[in-house]
Amino acid sequence: MEPREEALPALGADDILVETTCSAISAGTEMLIYQGRFPHDLETDSVISSLRGGFKYPLAYGYACVGKVVEVGKQVNREWLGRPVFGFQPHTSHFISEAKSLFHIPHSLQPETACFLPNMETAVNLVQDGAPIFGERVLVLGQGVIGLLTASLLNKFPIEALVTADCYELRRKASLTLKVGDALDPNSESFQNDSSAYRQRKFDLTFELSGNPAALNDALALTAFSGRIVIGSWYGEKLAEIDLGGAFHRSRIKLISSQVSTIAPELSGRWDKARRFEVAWQALERIKPEKWITHRFSIDQAEKAYRLLDENPQETIQILVTYS
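Quick caveat, the model's predicted, so the values are computed rather than measured.

Some words on the overall build of the protein
So, step 1. Check the secondary structure of the protein and you find 9 helices and 13 strands.
So, step 2. By its C-alpha atoms, the protein is 65 × 40 × 35 Å across when sized along the principal axes.
So, step 3. Burial analysis of the protein (324 residues in total) assigns 49% to the buried set.
So, step 4. A sequence separation of at least 24 residues applies to 68% of the contacts in the protein between residues at least 6 apart.
So, step 5. On the protein, roughly 16,300 Å² of surface is accessible, and the fraction owed to carbon and sulfur atoms is 48%.

Focus on the nonpolar core
So, step 1. Of all hydrophobic cores here, the largest spans 49 residues; its most connected members are Phe86, Met120, Leu153, Phe207, Trp281 and Trp292.
So, step 2. Within the residue set of this core, elements represented by two or more residues are β1 (15-24), α3 (117-130), β6 (137-141), α4 (145-154), β9 (203-208) and α8 (273-287).
So, step 3. Apart from residues no more than four positions distant in its own chain, Phe86 is found in contact with Tyr63, Ala64, Cys65, Val66, Ser101, Leu102, Phe103, Ile105, Ala114, Leu117, Pro118 and Trp281.

Topic: a nonpolar patch on the surface
So, step 1. A cluster of nonpolar side chains, Ile242, Leu244 and Leu255, forms an exposed patch at the surface whose accessible area comes to about 230 Å².
So, step 2. Assignment of secondary structure puts Leu244 in the loop between β10 (223-231) and β11 (254-257).
So, step 3. By relative accessible area, which is 44% here, Leu244 ends up partly exposed.

Digging into α4
Owing to its 3.6 residues per turn, the α-helix brings residues three or four apart onto one side.
So, step 1. Burial runs high along α4: 9 of the 10 residues are buried.
So, step 2. Taken residue by residue, α4 has Val145, Gly147, Leu148, Leu149, Thr150, Ala151, Ser152, Leu153 and Leu154 as its buried positions.

With respect to the pairing of β6
So, step 1. Extensive coverage of β6 is indicated by the burial of 5 of its 5 residues.
So, step 2. Judged by which residues are buried, β6 turns out to be covered on both faces: Arg137, Leu139 and Leu141 on one side and Val138 and Val140 on the other are all buried.
So, step 3. Relative to strand β7 (residues 161-165), β6 is paired through 5 bridges, and the arrangement is parallel. From the neighbouring strand, Val138 faces β7, where its bridge partner is Leu162.
So, step 4. Between the parallel pair β6 and β7, the chain is carried across by α4, and the sense of this crossover is right-handed.
So, step 5. The sheet contact formed by β6 and β9 spans 4 bridges and is parallel. Paired with Leu139 across the bridge in β9 is Thr206.

Observations concerning the packing of α4 against α8
Angle between the axes and distance between the axes are the two parameters that describe a pair of packed helices.
So, step 1. The N-to-C vectors of α4 and α8 enclose an angle of 90°; their axes lie 11 Å apart at closest approach. Judged by the inter-axis angle, α4 sits roughly perpendicular to α8. Contact residues: Leu149, Ser152 and Leu153 in α4; Ala283, Arg286 and Ile287 in α8.
So, step 2. A class-by-class count of the residues in the contact of α4 with α8 yields 4 nonpolar, 1 polar and 1 charged.

Observations regarding empty space enclosed by the protein
So, step 1. Going through the model one piece at a time under the given rule, you end up with 1 cavity of 30 Å³ or more.
So, step 2. The computed volume of the largest cavity comes to approximately 40 Å³.
So, step 3. Residues belonging to the lining of the largest cavity are distributed by class as follows: 6 nonpolar, 3 polar and no charged.

Here we look at helix α9 (residues 302-311)
So, step 1. Within the span of α9, buried status applies to Ala302, Ala305, Tyr306, Leu308 and Leu309. For α9, the angular spread of the buried residues around the axis is 155°, confining them to a single face.
So, step 2. Lining the buried residues of α9 we find α1 (29-34), β12 (293-298) and β13 (318-322).

Observations concerning the side chain of Thr164
So, step 1. With respect to the helices, strands and loops of the structure, Thr164 is situated in strand β7.
So, step 2. Owing to a relative accessible area of 0%, Thr164 belongs among the buried residues under this scheme.
So, step 3. Polar contacts involving the side chain of Thr164 include one to the side chain of Ser175, which spans 2.7 Å.
So, step 4. Apart from residues no more than four positions distant in its own chain, Thr164 is found in contact with Val140, Gln143, Ala151, Ser175, Val180, Asp182, Ala183 and Leu184.

Quick notes on the packing of α3 against α4
So, step 1. The contact between α3 and α4 brings their axes to 9 Å, and the two run at 55°. Between α3 and α4, the crossing angle belongs to the class labelled oblique. You can see that α3 and α4 cross each other, and the crossing is right-handed. When α3 is examined against α4, the residues Asn119, Met120, Thr122, Ala123, Val124, Leu126 and Val127 are found in contact with a partner set consisting of Val145, Ile146, Leu149, Thr150, Leu153 and Leu154.
So, step 2. Across the contact of α3 with α4, the residue classes tally to 10 nonpolar, 3 polar and no charged.

What counts as what
- Residues numbered from 1 in each chain as written.
- Predicted model: local features only at pLDDT ≥ 70, side-chain atom pairs only at ≥ 80, totals over all residues.
- Heavy atoms only, no water.
- Helix = DSSP H or I, 4+ residues; strand = E, 2+ residues; numbered from the N terminus.
- Buried < 20%, exposed > 50% of the residue type's maximum accessible area, 1.4 Å probe, protein only.
- Contact = heavy atoms within 4.5 Å.
- Areas by Shrake-Rupley, 256 points an atom, 1.4 Å probe, with all protein chains shown as cover.
- Core = buried A, V, L, I, M, F, W, Y, C linked by side-chain atoms within 4.5 Å.
- Patch = residues over 30% accessible without salt bridge, like charges linked within 9 Å, V, L, I, M, F, W, Y side chains within 5 Å.
- Salt bridge = Lys/Arg side-chain N within 4 Å of Asp/Glu carboxyl O.
- Pairing = 2+ DSSP bridges.
- Right-handed = clockwise from strand over helix to strand, strands pointing away.
- Axes fitted to C-alpha atoms, helices over the stretch in contact; angles between N-to-C directions.
- Parallel < 35°, antiparallel > 145°, perpendicular 65-115°, else oblique.
- Nonpolar A, V, L, I, M, F, W, Y, C, P; charged D, E, K, R; others polar.
- 1 Å grid on protein atoms, 1.4 Å probe; cavity = no way out; pocket = protein on both sides within 12 Å on 5 of 7 lines; lining within 4 Å.
- Points joined across faces, edges and corners; volume = space filled by probe spheres on them.
- Arc of directions from axis to C-beta.
- Polar contact = N/O pair within 3.5 Å; in protein donor to acceptor, adjacent residues only side chain to side chain.
- Left-handed = near helix turned anticlockwise from the far one by under 90°.

Dropping the structure here:
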């Protein structure tokens, strides 16, 4: 991994030039790409225009850039100048975008907070797909940023119990500050017993957000008859044996694939991306996830940032790239 310099194209009449302030590294998707564990025949992203194309090196990646508008094209309202904006852009010191692809950052939010917008939109999508019901017992496997954001949203629901799990102590401690019922270690020999013994019942709704496909077996074992498992992790080319024999065959457990690029068909009559983003902005203001930033690296130190996340993920929650 190395930073490269490229010349920006000329600014078009409808374009906006943004100088980046900070960008967030995705510990899940970006690590799969960094490690070369992505499906080579899959489109990078069919929704985010700056990421369209195939997965192949060299690849500029990332999708959480916050910056300030420094120049606008002839057809663009000059009121854009100086505004703080968010863009779904790879890590870069400057980028050119059309106005329709940028988001005004609310004045109440700091730039670093706005870097969490994509993950918060993902968390909102996950909770909507899970559709928690009054009095349910809920388990969240994985307490990286998306898991923490999802647990933060769930904590506002009138559910009976909310339990989380993560293999890293740092993230379990962060989870406990959300006042969840418990934050467990999935690598513990007693994990399944500790989880299923929680109020002596299994869970109605489980979120698998750990990025580890083997965690699906824990989800299957800990989810009650006719429960739901929302799978928000993207595993890339990682494979694991999943136990769909035995008890699962009669369990009527529903496996739900959840990905933020689209909205569930049953919600699309009332919800669109704009409404979901509005909810995500409001949630960012309420939750203030910048407290989970553990490291900041300048763009020149990006290699160190990725190496840390690859070799010592237990020391990190959210890493930011800065461009001062």
